[in-house]
Number of protein chains: 2
Amino acid sequence: MTQTVYTFGGDAPHNDPRQRDKTVTGGKGANLAEMASIGLPVPPGFTITTEESVRYLEHGAAFSDELRAHVADALAHIERAVGKSFGDAADPMLVSVRSGAAVSMPGMMDTVLNLGLNDETVEGLARVSGDDRFAWDSYRRFVQMYSDVVLGLDHGLFEEAVEIAKEDNGYFTDTEITAENWRAIVDEFKQIVKAERGGEPFPQDVHEQLWGAIGAVFASWDTERAKIYRRLNSIPHDMGTAVNVQAMVFGNMGDTSATGVAFTRDPSTGERSYYGEWLVNAQGEDVVAGIRTPQYLTKARREAAGAEKPSMEEAMPAAYEELARVFDLLEKHYKDMQDIEFTVQEGKLWMLQTRTGKRTAKAALKMAVDMVDEGLIDEKTAILRVDPMALDQLLHPTLDPDAPRDELASGLPASPGAASGKIVLDADTAELWANREEDVVLVRVETSPEDIHGMHAARGILTARGGMTSHAAVVARGMGRPCVSGASAVSINLKERTLRIGKRELKEGDVITLDGATGQIMAGRVPTIEPELAGDFGVLMEWADKHRRMGVRTNAETPEDCKTARGFGAEGIGLCRTEHMFFDAGRILAVRQMILADDEAGRRKALEKLLPEQRSDFAEIFRTMHGLPCTIRLLDPPLHEFMPSRDEEFEELSASLDVDVEHLKRRAGELHEFNPMLGHRGCRLGITFPEIYEMQARAIFEAACEVTAEGGDPVVPEVMIPLVATRKELQILRKLVNDTAAQVFAEKGAEVEYLVGTMIELPRAALMAGEIAEEALFFSFGTNDLTQTALGVSRDDAGRFLSPYVDKGIYARDPFVTLDVDGVGQLVEIAAERGRATRADLKLGICGEHGGDPESIAFCEKVGLDYVSASPYRVPIARLAAAQAALRSR
Amino acid sequence: MTQTVYTFGGDAPHNDPRQRDKTVTGGKGANLAEMASIGLPVPPGFTITTEESVRYLEHGAAFSDELRAHVADALAHIERAVGKSFGDAADPMLVSVRSGAAVSMPGMMDTVLNLGLNDETVEGLARVSGDDRFAWDSYRRFVQMYSDVVLGLDHGLFEEAVEIAKEDNGYFTDTEITAENWRAIVDEFKQIVKAERGGEPFPQDVHEQLWGAIGAVFASWDTERAKIYRRLNSIPHDMGTAVNVQAMVFGNMGDTSATGVAFTRDPSTGERSYYGEWLVNAQGEDVVAGIRTPQYLTKARREAAGAEKPSMEEAMPAAYEELARVFDLLEKHYKDMQDIEFTVQEGKLWMLQTRTGKRTAKAALKMAVDMVDEGLIDEKTAILRVDPMALDQLLHPTLDPDAPRDELASGLPASPGAASGKIVLDADTAELWANREEDVVLVRVETSPEDIHGMHAARGILTARGGMTSHAAVVARGMGRPCVSGASAVSINLKERTLRIGKRELKEGDVITLDGATGQIMAGRVPTIEPELAGDFGVLMEWADKHRRMGVRTNAETPEDCKTARGFGAEGIGLCRTEHMFFDAGRILAVRQMILADDEAGRRKALEKLLPEQRSDFAEIFRTMHGLPCTIRLLDPPLHEFMPSRDEEFEELSASLDVDVEHLKRRAGELHEFNPMLGHRGCRLGITFPEIYEMQARAIFEAACEVTAEGGDPVVPEVMIPLVATRKELQILRKLVNDTAAQVFAEKGAEVEYLVGTMIELPRAALMAGEIAEEALFFSFGTNDLTQTALGVSRDDAGRFLSPYVDKGIYARDPFVTLDVDGVGQLVEIAAERGRATRADLKLGICGEHGGDPESIAFCEKVGLDYVSASPYRVPIARLAAAQAALRSR
């Protein structure tokens, strides 16, 4: 039978590879075992596997007898290691119970500390520790957390009770509360629990406590906020979470005790200096909760920030030295920057967690490049180390350092980048306004998991409270949103929908700008500058280009987009959508004239006006691309997309064409389609109105001849026929293109090389690729339409059901973002295989949105495509992803 | 090298099987060779293969040198056989040049007779025949035909010249024209030709004549009328036509000569009696041209018709006797009724053509059954002998062919059968009047799902727009209602409640008659005759059932349709579309209430009203089907199909729901979809609004329990989930159905057997069939939607390009009528294979329109489906087609 509970620390063996497999024991559990195995001080404990949580949720929240037996054995392991007994009234062993999924979900999952305390064991703890106050503080913490996490009671009730006790005693801070006060507060807490639970008292049986906590951690996987987080972060819903039960160590045993979180390098900039926060006499949750403002870890940082309270380096030099040794050891072992949690109990350091640290894109780049320099990793590892999607943060503008800034206040630089937008004071408003295409900045006292959708909708996040590792900071970095946290100069009046920042009164809707790199908050909109793509970025991209097999092109149709893409390293155009040129204000009239013409002669007359325009478009693009390949798709969308919709437009058209408005409206009505996506579009237009494609082909070849005649690099246009389902369509239209080319070449007395190929974007085309390849020199996979048709889902209409679909795990990801490899992927594979069987040198590419999605790019590598094509800002992402895919496939 | 010219007759060998393969030598050529090989008197000649005509048309109308050489050899064969030389001025050999495609296309193709005559050879012919008039008559015939067929001149010019000559000479009939007159007319003809051809004279070179005629026959394949004929008759465009060149025999050499056409049995009734027409002293085209009234072949027929002129049996007893002998010989040889052409030259019988005779459905049935009785063929051959589609004619009441018809206009023959009734201009009026026991014909510009109740209430449907696969056509065929669609001569004035059909003004309430088999629209009531389904029909169906492997079910949702289908031999329901029940006037309000509800509670309230209605629908169907399997598809179409569209409807809804009209309109607007076919429909409704499917499942199981409790045959409902693309969807919904079943069974204290399965109608579903079969006990191929998605073609919008597509040969057939075996067929095959690999006893069926199409049924047999499901009136067609497919696959 598969092992479902793994012990670690003490004398536990750590040699089962499953124990260090995150998918089995979760990230936290796997790393605790790993740390214990290399001799680091880890409090002994055990991990219940993720598989058990899945089983638990599937089986109606029931524990199996086997699980109960294994947990009893594992508990005995901890007891042996610490030499105490769980529930022992004389000298009780306490445990923490924490969740730990395979993928980190910060702030999403639940934790219970100090478990094992009850009315009897608290007395034992007091006796053994010689510290009544510590024992009763621990007990009240436990009751409070357990009631919140396991019993589901409102934590406000308990906080209120503490506040009242402080008021009654005339205290200002928690530290003034005495052991006796805490004892009374615990009584009060127990009364609250009993009242809220309809007479059921707080559980005194430590085993009942333990199983309650285990069940709560299991169940936390299925909460709404966890589901939303997973959806936003593309984490599958069927992974489950592990549970880690561990002997408690106490950072709250007086001034020789402490707790902290740290990174082995700066997660914001990537610089090689320890980075972290700590608190004396505190437990872990005090640091992240943001109730007390934490202190800096190193002296240098403290001084740089001009902070008063001593750094750990200064206050606890011995423990700090030990911690620094552990940092270096961890980096050498994991060969990556680590994000750790530690506790110092009466001078002794204990490691509670390590994991590969989240970082900004900039930091990721710098660390990857630095670690190669340091000889810690090689180039290939460096390439694999950077999340391609994170580059997105670097590819967008930052604040112009020379622009004037009307600074209102500043906070912590919690997540880099610049953001301007209208102030919104809650998550729902953020989402609402963002849906109206407005840029918004979410301003909150502090954020909680319920704010996630608003954070996602916002351009940037500003909080009045919380540190660099607060919820807002961690989540914002993960999302690539700029964030300023802990800006105490911000005070919010939710009722009036106003706020004060520093000395200035503002209201919801006023525009502010955040600089996440400095923590500055500015009034109004500050101009931005383009990103700097040299330095670490340039080095990594160079390495990526060296290791990738696939080419990277861009989807672009304006000279500006082409220039941007070239700057980002695009090696050609994979998709130039000619219809975008038709919407130009100066041309739409001629386009409409063409559509409304009664016959071919009428259409040809209108097309004559469009020819010079299209020719100059193409010439400009060819000039910009300097001889790189350019795939130009002939007209694709249904004609009625070009028709006017508003009355004024109809009247204008009527006047300029001298055609009756009613006639125009009737004609527009005739063009209406029930399912335009499956209607008279793509090559069907070319078959029924060959003169349109003829004009476009002519414009392409005339432009190519023109640019070549200018002495530019020789242009090789790749003429792409869309929406082909049969060989015959392509045969007819290829002949039309070839005939037009021959005609143009004869007229110009010059020739250019060119290719004719097709998009594979219908299931039938994929299946018939063997035949179609007889007529095509290249295939470009139009995975947007291929997804729409294979899945029978209109992207425009999917909104109403796609998000519940992803929530229910029907599709692991939005199939329009990440290719549905199982279904649509089969069609791509079939087409590639059959196409190449017919024509060995068939050029294969992808030009759907998926061409800029790393996971989809990995699939393209697997299938052996020649290139991917992405939107200009995604080109560097595609370059890196292609390199990663190539490295992984070797 | 492949042989391109085959000789026949004389001493030619006939042993190459390609010579008797119609696809190579065409029907006429193959049968001439066949007749010659069994010793029948066939004038010697040769056939140029169909392949050569395809090559000729593809290569810009040029003859190859090889072809010229082969034709010269073949011409020498004819010369040897008849002992004359082509172009010999002394004793010229004349030839006929006729087209002959693999499939008969009567009247579509061209023929030239008497070729080889010129100013010199005509004199030789006159001398040798001793008949000046015959020679000059033949020459003028030749000039006339050649000028028409090869030179493309207007034949009216020549007819006019003959008329003028007759007038000038005071003649009334052609027979009065003398040799001298004909000579003068030939001169006149040659003047006309020269004038019309801009000075170019009529070709005198007999070889030039021959090649001109061959080229004209080749080219005749590509004329507009030929293309239209092929499209209407589903004949592929790439077959080409053969050319038959044959020594002339003359039926116009006086009173011992004659020509005629005949059938070996009566092609109208199937009776076993010779049937035909002949003319003394005439050439073949005289009989078909209708210039002279032909005479009966047999004495019995002449007497029955009360005709004066003698029958051939009486006038030429010896030749008749020989002909009768040939008839019997041909029937024994071909084992089928033959349609022949013959000529008697100076008392000697020559066979010019034989082919399997076309026949009415009634005749086909009778002949097939008779021939089995006669021992001529066996049952299997009889089954294969009858075209399943022809049965359609027999299954509907037809117009009395002898009744007078006052034709108003015509449209497309969209659904067969005859209907008379009062014109109604909307569905509600149709239902209202029909409830008053009036026969009505629904006349609409086009129909939509809201018209269903009106279509059902009507005797027949007439639309001004839409093709053979429009909504009206498809629904009407499904319902077995006669329908004429796309009648552009119909224009409706809804405000005045009047309409114009052709030149006549009519108003609502006026009676018209539709002939769905021809597309004719008649004023007033035309009497009809009821179909005869016993007798030969019953016998043949019984044989078919004995030999078929696949089951035949029906697509039906009303008890009436179920009864009809049962009467036609349906063995269950393959598709019961529950949404059709939603359109019922008594329910649509509750349906709309459900759609407009703001939350689940609101939807449940509305669904409660629908539950008893659906339950009684299902109970009625189960009772009607007497324990046969019933596949019930849960709600499929997008919800907005149920929304009102007209202002009155909104107002009515507003009043009855007490909801603001504007709110309703806004809500309807929100439900709008860009591509509803790919939108929020099918199982997506079940996933997002599980309560809808829950109600439907409950209705099914409650009804099943109810009917079983009544002591009826035990009902086995097959619950079908539509539009599944993933295993997970089916898993979720199957569980919902199973849970509902368990609940109902617990409530009722009774159980029924049932299956849960799915439609395979999306390409992804076909590809993932292996996984999906884990959750499905049956698959039903929804080939309508599978065709739409695989080809990326919306059936509702295809009208604008599908017909040019079929014309250009891009699709050989309308893929919504006959399954696209190459593309969509692959998906069906993949799904069948993968589904069965997972679940060996997976039940496989088809419920798209293709389930009633014989060619598609043949494919289903090949793939090994368990059953096909067709609309009620197509059930007998499917039974026969399934038997044929089974026999052919053995």
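Residues numbered from 1 in each chain as written. Chains lettered and ligands numbered in written order. Predicted model: local features only at pLDDT ≥ 70, side-chain atom pairs only at ≥ 80, totals over all residues. Heavy atoms only, no water.

- In the annotation of an unreviewed UniProt entry, the entry for chain A reads Pyruvate, phosphate dikinase, and the organism field reads Aurantiacibacter zhengii.
- Under the UniProt heading Sequence similarities (unreviewed entry), the note attached to chain A is "Belongs to the PEP-utilizing enzyme family."
- Here is the UniProt Function (unreviewed entry) comment for chain A, exactly as written: "Catalyzes the reversible phosphorylation of pyruvate and phosphate." (UniProt positions renumbered as here; feature names shortened; annotations may be inferred.)

**Thoughts on the packing of aromatic side chains**
Reasoning step 1: One pass over the structure, following the stated rule, counts 38 aromatic pairs over all chains.
Reasoning step 2: Seen from their ring centres, B:Phe63 and B:Phe218 are 6.4 Å apart, and the 40 degrees between their planes marks the pair as tilted. Taken together, the positions of B:Phe63 in the loop between α2 (50-58) and α3 (65-82) and B:Phe218 in helix α8 (residues 206-220) put the pair 155 residues apart, joining distant regions of the chain.
Reasoning step 3: Judged by relative accessible area, B:Phe63 falls into the buried class, the value being 18%.
Reasoning step 4: Classification of B:Phe218 by relative accessible area gives buried; the value is 0%.
Reasoning step 5: An aromatic cluster is built from A:Tyr56, A:Phe63, A:Trp211 and A:Phe218, whose rings are joined through pairwise contacts.
Reasoning step 6: A cation over an aromatic ring shows up here: A:Lys348 above the ring of A:Trp350, its NZ or CZ 4.5 Å from the ring centre. (Phe/Tyr/Trp six-rings, centres within 6.5 Å; stacked < 30°, edge-to-face > 60°. Helix = DSSP H or I, 4+ residues; strand = E, 2+ residues; numbered from the N terminus. Buried < 20%, exposed > 50% of the residue type's maximum accessible area, 1.4 Å probe, protein only. Lys NZ or Arg CZ within 6 Å of the ring centre and 35° of its normal.)

**Let's talk about helix α6 (residues 155-169) of chain B**
All names here are of chain B.
Reasoning step 1: Here α6 is 15 residues long and its end C-alpha atoms lie 22 Å apart, about the 21 Å a rise of 1.5 Å per residue gives.
Reasoning step 2: Of the residues making up α6, those classed as buried are Phe158, Ala161, Val162, Ala165 and Lys166. Along the long axis of α6, the arc covered by the buried residues comes to 135 degrees, so they all point the same way. Residues Glu167 and Asp168 are exposed on α6 and point more than 90 degrees away from its buried face.
Reasoning step 3: Turning to α6, the residues buried within the fold contact α5 (132-149) and α7 (179-196).
Reasoning step 4: Following α6 by one or two positions, glycine 170 has its phi on the positive side, about 70 degrees. (Expected span 1.5 Å × (residues − 1). Arc of directions from axis to C-beta. Contact = heavy atoms within 4.5 Å.)

**Brief notes about the sheet that holds strand β5 (residues 95-101) of chain B**
Residue and element names in this part refer to chain B.
Reasoning step 1: If you trace the 5 strands from one edge of the open sheet to the other, you get β1-β2-β7-β5-β6, paired in antiparallel fashion. At either margin of the open sheet sits one strand with a lone partner, and together these are β1 (5-8) and β6 (111-115). Going across the sheet, the axis of each strand differs from the next one's by a mean of 20 degrees, ignoring polarity.
Reasoning step 2: Summarising the sheet, β5 and strand β7 (residues 241-247) pair through 7 bridges and their orientation is antiparallel. Following the sheet pairing, alanine 101 is matched in β7 by threonine 241.
Reasoning step 3: Contacts from helix α1 (residues 22-37) reach β1, β2 (45-48), β5 and β7, with the element oriented near 125 degrees to β5.
Reasoning step 4: Sheet strands in contact with α3 are β1, β2 and β7, and its direction is about 160 degrees off that of β2. (Pairing = 2+ DSSP bridges. Axes fitted to C-alpha atoms, helices over the stretch in contact; angles between N-to-C directions.)

**Regarding the side chain of B:Thr50**
Residue and element names in this part refer to chain B.
Reasoning step 1: Locating threonine 50 in the fold gives a position in helix α2.
Reasoning step 2: One polar contact links the side chain of threonine 50 to the main-chain carbonyl oxygen of threonine 23, over a distance of 2.6 Å.
Reasoning step 3: Those residues in contact with threonine 50, other than ones at most four positions away along the chain, are Lys22, Thr23, Val24, Gly26, Met239, Gly240, Thr241 and Ala242. (Polar contact = N/O pair within 3.5 Å; in protein donor to acceptor, adjacent residues only side chain to side chain.)

**Considerations on the sheet that holds strand β5 (residues 95-101) of chain A**
Residue and element names in this part refer to chain A.
Reasoning step 1: Here we have 5 strands laid out as an open sheet, ordered β1-β2-β7-β5-β6, and antiparallel in their pairing. Of all strands in the sheet, those bounded by a partner on one side alone are β1 (5-8) and β6 (111-115). For this sheet, the mean angle separating the axes of adjacent strands, direction not counted, is 20 degrees.
Reasoning step 2: Running at roughly 160 degrees to strand β2 (residues 45-48), helix α3 (residues 65-82) makes contact with β1, β2 and β7 (241-247) of the sheet.

**Structural notes on the nonpolar core**
Reasoning step 1: Membership of the largest hydrophobic core comes to 311 residues, with the highest contact counts inside it found for A:Leu391, A:Phe622, A:Ile721, B:Phe622 and B:Ile721.
Reasoning step 2: In contact with A:Phe622, not counting residues within four places along its chain, are A:Gly627, A:Cys630, A:Ile632, A:Ile700, A:Ala703, A:Ala704, A:Val707, A:Val715 and A:Pro717.
Reasoning step 3: B:Val5, B:Ile48, B:Ile78 and B:Val149 belong to the second-largest nonpolar core, a separate cluster that totals 59 residues. (Core = buried A, V, L, I, M, F, W, Y, C linked by side-chain atoms within 4.5 Å.)

**Points about unusual backbone geometry**
Residues and elements named next belong to chain B.
Reasoning step 1: Positive phi values are uncommon outside glycine, yet lysine 335 reaches one of about 55 degrees.
Reasoning step 2: Within the secondary structure, lysine 335 is located in the loop between α13 (317-334) and β11 (338-345).
Reasoning step 3: Residues other than glycine seldom take positive phi values, yet leucine 723 does so here, at roughly 60 degrees.
Reasoning step 4: Within the secondary structure, leucine 723 is located in the loop between β29 (717-721) and α29 (727-748).
Reasoning step 5: On the basis of relative accessibility, which here comes to 0%, the residue leucine 723 falls in the buried class.

**A look at the environment of B:Pro416**
Residue and element names in this part refer to chain B.
Reasoning step 1: Tracing the backbone through its elements, the reader meets proline 416 in the loop between β15 (412-415) and β16 (418-424).
Reasoning step 2: When its relative accessible area of 14% is taken as the criterion, proline 416 is described as buried.
Reasoning step 3: Distance in space between the C-alpha atoms of proline 416 and valine 440 is 17 Å, their sequence separation being 24 residues.
Reasoning step 4: The residues touching proline 416, leaving out its near neighbours within four places in the chain, are Asp392, His396, Arg481, Pro482, Gly516 and Ala517.

**Comments concerning the interface of chain A and chain B**
Reasoning step 1: Opposite the 49 residues of chain A that make contact, chain B presents 49 residues.
Reasoning step 2: Looking at the side of chain A facing chain B, the largest losses of area belong to A:Leu678, A:Arg764 and A:Arg800, adding up to 15% of the total buried there.
Reasoning step 3: Linking chain A with chain B are 2 salt bridges.
Reasoning step 4: Notably, a salt bridge pairs B:Arg764 with A:Asp820, separated by 2.6 Å at the nearest N-O pair.
Reasoning step 5: Counting across the chain A and chain B interface gives 24 residue pairs in polar contact (both at pLDDT 80 or more).
Reasoning step 6: Those elements that place two or more of their residues in the side of chain A that touches chain B are α25 (661-671), α26 (683-688), α28 (727-748), α29 (763-767), α31 (783-791), α32 (799-807) and α33 (824-838) of chain A.
Reasoning step 7: Among the residues making up the side of chain A that touches chain B, the classes are represented as 23 nonpolar, 13 polar and 13 charged. (Buried area = accessible area lost by both parts, 1.4 Å probe. Salt bridge = Lys/Arg side-chain N within 4 Å of Asp/Glu carboxyl O. Nonpolar A, V, L, I, M, F, W, Y, C, P; charged D, E, K, R; others polar.)

**Here we look at the domain arrangement of chain A**
All names here are of chain A.
Reasoning step 1: Once the domains are mapped, chain A shows domain 1 (5-247), domain 2 (258-359), domain 3 (396-529) and domain 4 (548-638 + 673-889).
Reasoning step 2: Tallying the contact residues gives 4 residues for domain 1 and 5 residues for domain 4.
Reasoning step 3: When the buried area of domain 1 at its contact with domain 4 is split by residue, Arg231, Ser234 and His237 rank highest and sum to 78% of it.
Reasoning step 4: Here the residues of the side of domain 1 that touches domain 4 sort into 1 nonpolar, 2 polar and 1 charged. (Domains from an automatic or database assignment.)

**A look at helix α13 (residues 317-334) of chain A**
Residue and element names in this part refer to chain A.
Reasoning step 1: Over its 18 residues, α13 runs 25 Å from end to end, which matches the ideal 26 Å to within 8%, given 1.5 Å per residue.
Reasoning step 2: For α13, the full list of buried residues reads Ala319, Tyr320, Leu323, Ala324, Val326, Phe327, Leu330, Glu331 and Tyr334. Buried residues of α13, viewed axially, fall in a sector of 165 degrees; they line one side. Opposite the packed face of α13, turned more than 90 degrees from it, sit the exposed residues Ala318, Glu321 and Lys332.

**Overview of a negative patch on the surface**
Residues and elements named next belong to chain A.
Reasoning step 1: Residues Asp148, Asp154, Glu159, Glu160 and Glu196 make up a contiguous surface patch of negative charge.
Reasoning step 2: On the secondary structure map, glutamate 160 appears in helix α6 (residues 155-169).
Reasoning step 3: On the basis of relative accessibility, which here comes to 48%, the residue glutamate 160 falls in the partly exposed class. (Patch = residues over 30% accessible without salt bridge, like charges linked within 9 Å, V, L, I, M, F, W, Y side chains within 5 Å. Areas by Shrake-Rupley, 256 points an atom, 1.4 Å probe, with all protein chains shown as cover. Lys, Arg positive; Asp, Glu negative; His and termini not counted. Charge placed at Lys NZ, Arg CZ, Asp CG, Glu CD.)

**Some details on the state of the cysteines**
Residue and element names in this part refer to chain A.
Reasoning step 1: This structure, assessed with the given rule, holds 0 disulfides over all chains.
Reasoning step 2: Cysteine cysteine 705 shares no disulfide, and the gap to the nearest cysteine sulfur, in cysteine 630, comes to 15 Å.
Reasoning step 3: Distance from the sulfur of cysteine 860, which forms no disulfide, to the nearest cysteine sulfur (cysteine 847) is 11 Å. (Disulfide = S-S within 2.5 Å.)

**Quick look at the packing of helix α1 (residues 22-37) of chain A against α13(A)**
Residue and element names in this part refer to chain A.
Reasoning step 1: Direction vectors running N to C along α1 and α13 enclose 110 degrees, while the axes themselves pass 12 Å from each other. On the basis of the axis angle, α1 is roughly perpendicular to α13. Contacts between α1 and α13 involve Asn31, Glu34 and Met35 on the former and, on the latter, Leu330, His333 and Tyr334.
Reasoning step 2: Taken together, the residues of the contact of α1 with α13 break down into 3 nonpolar, 2 polar and 1 charged. (Parallel < 35°, antiparallel > 145°, perpendicular 65-115°, else oblique.)

**Here we look at the pairing of strand β17 (residues 440-444) of chain A**
Reasoning step 1: Among the 5 residues that make up β17(A), 4 are buried, leaving the element largely enclosed by the rest of the structure.
Reasoning step 2: Where the polypeptide runs from strand β16 (residues 418-424) of chain A across helix α16 (residues 427-435) of chain A and back to β17(A), its parallel neighbour, the crossover connection is right-handed. (Right-handed = clockwise from strand over helix to strand, strands pointing away.)

**Brief notes about the environment of A:Ile492**
All names here are of chain A.
Reasoning step 1: For isoleucine 492, the location among the structural elements is in strand β20 (residues 490-493).
Reasoning step 2: Sequence separation of isoleucine 492 and leucine 506 is 14 residues, and the distance between their C-alpha atoms is 9.6 Å.
Reasoning step 3: Those residues in contact with isoleucine 492 that lie beyond four places of it in its chain are Leu425, Val443, Arg444, Val445, Thr498 and Leu499.

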